[in-house]
Amino acid sequence: MLKYLLDITEKVLSSEHISFEDAGKILKISNQRDIISLLSFANIIRDEFKGSTIDTCAIVNAKSGKCSEDCKFCSQSAHNRADIERYPLVEKKVIIDSARDAVNIKADRIGIVVSGRDVKNTDELKSICNALEDISSNVDIAGCASLGTLSYESAKILKESGLKRYHHNLETA
């Protein structure tokens, strides 16, 4: 496995793409020694492409609570009895104002985060895209998002709207 990880690392460092099969093989690593090796090689790749700098990301909790998933630790889950404020998708103005606030605290990115497995409601997706377009045009900060599972079409629309980075917020706990 060590040689395989070294070969994959060299491939990535040479700016080559890894195959779907390679990615699947990496995901199946379960041996503790191999996981530690994977982390070490990932750190080499991170250092090569990003150095020791970090990006800071402020977030706007754009939709809170009532998530159908049952991640035991998460107060956003409909299965959790935590006393949190639950609300539908906030208005575009709230997202834009949060982006401006993020600029004021010198964050590199503003993350639009919603509870739930995905954003199936097309009006919600359009609203998020409108906010991203406005941020791209009028606020000096990069937009990123955590919206759960995306279809290819949704990912493409978000990118066209100015999304710069995407993180998956679905846990497997």
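Treat the numbers as computed from the prediction; the structure is a model and nothing was measured.

Enquirer: Tell me about the sheet that holds strand E4 (residues 163-166), and please be specific about residues and values.
Expert: Remark on secondary structure: sheet strands pair via backbone hydrogen bonds, oriented parallel or antiparallel. Spatially, four strands are ordered E1-E2-E3-E4 in an open sheet, and the strand pairing comes out parallel. Every other strand in the sheet has two partners, leaving strand E1 (57-63) and E4 as the edge strands with one partner each. On average, adjacent strands in this sheet sit at an angle of 30° to one another, irrespective of strand direction. Strand direction decides the pairing type here: E1 and strand E2 (residues 109-114), joined by six bridges, are parallel. Note on E2: the bridge partner recorded for Val 60 is Ile 112. Packed on one face of the sheet, helix H5 (residues 122-138) meets E1, E2, strand E3 (142-146) and E4 and runs near 170° to E2.

Enquirer: Please set out the environment of Ser 75 residue by residue, giving values where relevant.
Expert: Within the element layout of this structure, Ser 75 appears in the loop between E1 and helix H4 (92-104). Beyond its immediate chain neighbours, meaning those up to four positions away, Ser 75 contacts Asn 80, Ala 82, Ile 84 and Arg 86.

Enquirer: Describe the environment of Asn 138, listing the residues and the values that go with them.
Expert: Following the sequence through the fold, Asn 138 ends up in helix H5. C-alpha of Asn 138 to C-alpha of Lys 11: the two residues are 127 residues apart in sequence and 39 Å apart in space.

Enquirer: Talk me through the packing of helix H1 (residues 2-13) against helix H2 (residues 20-27); I want residue IDs and the actual numbers.
Expert: Their axes nearest at 12 Å, the elements H1 and H2 cross at an angle of 135°. Taken as axis vectors, H1 and H2 run oblique relative to one another. The element H1 and its partner H2 pack so that their crossing is left-handed. Contacts from Tyr 4, Ile 8 and Lys 11 of H1 reach H2 at Asp 22, Lys 25 and Ile 26. For the contact of H1 with H2, the residue count by class is three nonpolar, no polar and three charged.

Enquirer: Break down the nonpolar core for me, with residues and values.
Expert: Counting 26 residues, the largest nonpolar core has Ile 95, Ile 110, Ile 112, Ile 128, Ile 135, Ile 141 and Leu 158 as the members making the most contacts within it. For this core, the secondary-structure elements that each account for two or more residues are E1, H4, E2 and H5. Per element, the largest residue contribution to this core is six residues, and it comes from H5. Apart from the residues within four sequence positions on either side, Ile 141 is in contact with Ala 99, Ala 102, Val 103, Ala 107, Asp 108, Arg 109, Ile 110 and Ile 135. Counting residues in each nonpolar core, the second largest holds six residues, with Tyr 4, Leu 5, Ile 26 and Phe 41 among its members.

Enquirer: Outline the side chain of Arg 109, supporting the account with residue identities and numerical values.
Expert: When you line up the elements, Arg 109 lands in strand E2. Classification of Arg 109 as buried rests on a relative accessible area of 13%. Contacts of Arg 109, omitting those with residues within four sequence positions, involve Asp 55, Thr 56, Cys 57, Ala 58, Ala 102, Ile 141, Ala 142, Cys 144, Lys 164 and Arg 165.

Enquirer: Please set out the packing of H1 against helix H3 (residues 32-50) residue by residue, giving values where relevant.
Expert: With their axes 10 Å apart at the nearest point, H1 and H3 run at an angle of 15° to one another. By the angle class used here, H1 and H3 are roughly parallel. Taken as a pair, H1 and H3 cross one another with a handedness that is right-handed. Taking contact as the criterion, the partners of Leu 2, Leu 5, Leu 6, Thr 9, Val 12 and Leu 13 in H1 are, on H3, Asp 34, Ser 37, Leu 38, Phe 41, Ile 44, Ile 45, Glu 48 and Phe 49. In terms of residue class, the contact of H1 with H3 is made up of ten nonpolar, two polar and two charged.

Conventions and cut-offs
- Numbering of residues starts from 1 in each chain and follows the order in which that chain's sequence is written.
- Local features are withheld for residues below a pLDDT of 70 in this predicted model, meaning they are given only at 70 or higher, and side-chain atom pairs are given and counted only at 80 or more; totals for whole chains, interfaces and linings count all residues.
- Hydrogens are left out, water is left out, and the side-chain values use all remaining heavy atoms of the structure.
- Should DSSP find at least two bridges between two strands, the strands are taken to pair.
- Only DSSP runs of H or I covering at least 4 residues are called helices, and only runs of E covering at least 2 are called strands; the numbering of each starts at the N terminus.
- Each axis is a line fitted through C-alpha atoms, and for a helix only the stretch in contact is used; angles between axes span 0 to 180 degrees, taken between their N-to-C directions.
- Throughout, a contact is declared for two residues whenever any of their heavy atoms are within 4.5 Å.
- Here the angle decides the label: under 35 degrees means roughly parallel, over 145 means roughly antiparallel, 65 to 115 means roughly perpendicular, and every other value means oblique.
- Working rule for handedness: look at the near helix, and if it is turned counterclockwise from the far one by less than a right angle, call the crossing left-handed; if clockwise, right-handed.
- In this classification, Asp, Glu, Lys and Arg are treated as charged, Ala, Val, Leu, Ile, Met, Phe, Trp, Tyr, Cys and Pro as nonpolar, and every other residue, Gly included, as polar.
- As used in this record, nonpolar core signifies buried Ala, Val, Leu, Ile, Met, Phe, Trp, Tyr and Cys residues forming a set joined through side-chain atoms within 4.5 Å.
- Under the scheme applied here, a residue whose accessible area is under 20% of the maximum for its type counts as buried, over 50% as exposed, and between as partly exposed, the area being computed with a 1.4 Å probe on protein chains only.

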